[in-house]
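Breakdown of the fold
Residues per chain, in single letters:
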Amino acid sequence: MARTCFLLRIRKRPVRARGGLGPLAVCLVFWAALACLFPSPARAAGPEGAKAPQAYISLVIDDYKNLGLWETLAEDCAAKGVRATLALNTLRVRPEDWKRMQARIAQGHEVASHTSDHVPLSAQEVLNVRYFAQNTRSATAVVDAAARKLRIFVNGALTPIGDIDLSADGPASTLGDLARAINKINGCAAQTIDPKYANIPSELLAANAGADILFKAGFVPLLLDHPQFVRYELESSKRDIEKNIPGYACTSIVYPYLANDPETRRIALELGYTQGRTGENGSISLTDPKGYDIMRIWAQMPRFLFGETSSPEFPGRVKAFLSDLKKKRGAVCIYAHAENEYSNEDWRKLLALLTADPDVRLLTLREMGKAIRDVTVPGTDGFLHFKR
């Protein structure tokens, strides 16, 4: 035991002052015995009397293209006895890169889902369509989800001027392909509302009875079936990761562009995700009376939090952040993207300060999720509440 039991020593070799033990000495012996039998909770929480963490931080590198940055951060973390997370968008991962990730996972690091196509999960209006021709009274675009078809009708005719196959193996399987197919129809024009939407499968468009695309209305948006779209993105990326890293379970979701909503989080839980990272609108404090939402973990970029690592004020800013975080019993993420946003040298300087604080635990996002659940209980409000 780390403590020496004063009571046992006295029994083994009694020591008496002249006139016997006084009242003060008896009290000291009594309290020493209690300390041996009932160590304080802070000391009993960890091995060899280590104090329980006062705050948790997960370090995350976002995006597949930054795989090399994460690998180096993982090495630097391992040297300090901690681990890091990669938020992976899986659509174009090369076979050799899966092997690189397997090696890091074997060391305890984490690969989290960042969806398949790296698009905001809040996306709904995705494709603008318009029809223009002389002497046209009406033009409608009908999405037939059951048949996986987009049909364009003009002037109330029963026969469409365009009948486009939206299926996965058809010529317009993505929204980018669909826009090009529509543009080939005489009088029609189409474009994705955001270039990021080009790879979204066309069959995820929401069914409609006919959108008015006549030029007088300007460009009219076609909508996604939002639940189906979210499920596709979260399910396909999870499947990609688990298929290419045998024996590994992907349980963390990092929402692209920080975008999520209650429906997205509900679907994530249904699919087996157990923690999710968002941005500044996420949960910070485990002791917040309103509860902690483990599917909306707070995150911010280190340069925004601490400024330049070359600044003489950098160490003080980090220490002030940690001090505030410990007061809140915080559980948060610090993340970055490319080298020009936060270099590996920047990460090393930050890592040295974070690991110097014995009351702060650095964990992967998945490890942090487990640590959070260990010190909280689920409430009827759907949030986690700190064990008092």
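**A few points about the nonpolar core**
- Ranked by size, the top nonpolar core spans 104 residues in total, and within it Ile57, Met101, Leu178 and Ile182 carry the most contacts.
- Residue contacts for Ile57: discarding those within four places in its chain leaves Phe321, Leu322, Leu325, Val332, Ile334, Leu354, Val360, Arg361, Leu362, Leu363 and Met368.

**A short note on the sheet that holds strand E7 (residues 162–165)**
- The strand order across the open sheet built from four strands is E7-E6-E5-E9, with neighbouring strands paired in antiparallel fashion. In the strand order of this sheet, the two ends are held by E7 and strand E9 (211–212), each with one partner.
- Both strand E6 (residues 149–154) and E7 contribute to a ladder of four bridges, which runs antiparallel. Its bridge partner lying in E7, Ile152 is registered against Gly162.

**Considering the sheet that holds strand E10 (residues 220–223)**
- The strand order E8-E4-E10 describes an open sheet built from three strands, whose pairing is antiparallel. Single-partner strands in this sheet number two, and they are strand E8 (188–192) and E10. Averaged over all pairs of adjacent strands, the angle between their axes in this sheet comes to 30°, without regard to strand direction.
- Where strand E4 (residues 125–131) lies against E10, four bridges are found, and the strand directions are antiparallel. Looking at E10, one finds that Glu125 is bridged to Leu223.

**Thoughts on unusual backbone geometry**
- The phi angle at His118 is positive, at roughly 55°, despite the residue not being glycine.
- Mapped onto the fold, His118 is located in the loop between strand E3 (110–113) and E4.
- Although it is not a glycine, Asn135 adopts a positive phi angle of roughly 60°.
- Its location among the elements puts Asn135 in the loop between E4 and strand E5 (139–144).

**A look at the pairing of E8**
- E8 sits mainly inside the fold: four of its five residues count as buried.
- Note that E4 and E8 share five bridges and pair antiparallel. Bridging across to E8, Val129 finds its partner in Ala190.

Cut-offs and rules
- Residues numbered from 1 in each chain as written.
- Predicted model: local features only at pLDDT ≥ 70, side-chain atom pairs only at ≥ 80, totals over all residues.
- Heavy atoms only, no water.
- Core = buried A, V, L, I, M, F, W, Y, C linked by side-chain atoms within 4.5 Å.
- Buried < 20%, exposed > 50% of the residue type's maximum accessible area, 1.4 Å probe, protein only.
- Contact = heavy atoms within 4.5 Å.
- Pairing = 2+ DSSP bridges.
- Helix = DSSP H or I, 4+ residues; strand = E, 2+ residues; numbered from the N terminus.
- Axes fitted to C-alpha atoms, helices over the stretch in contact; angles between N-to-C directions.

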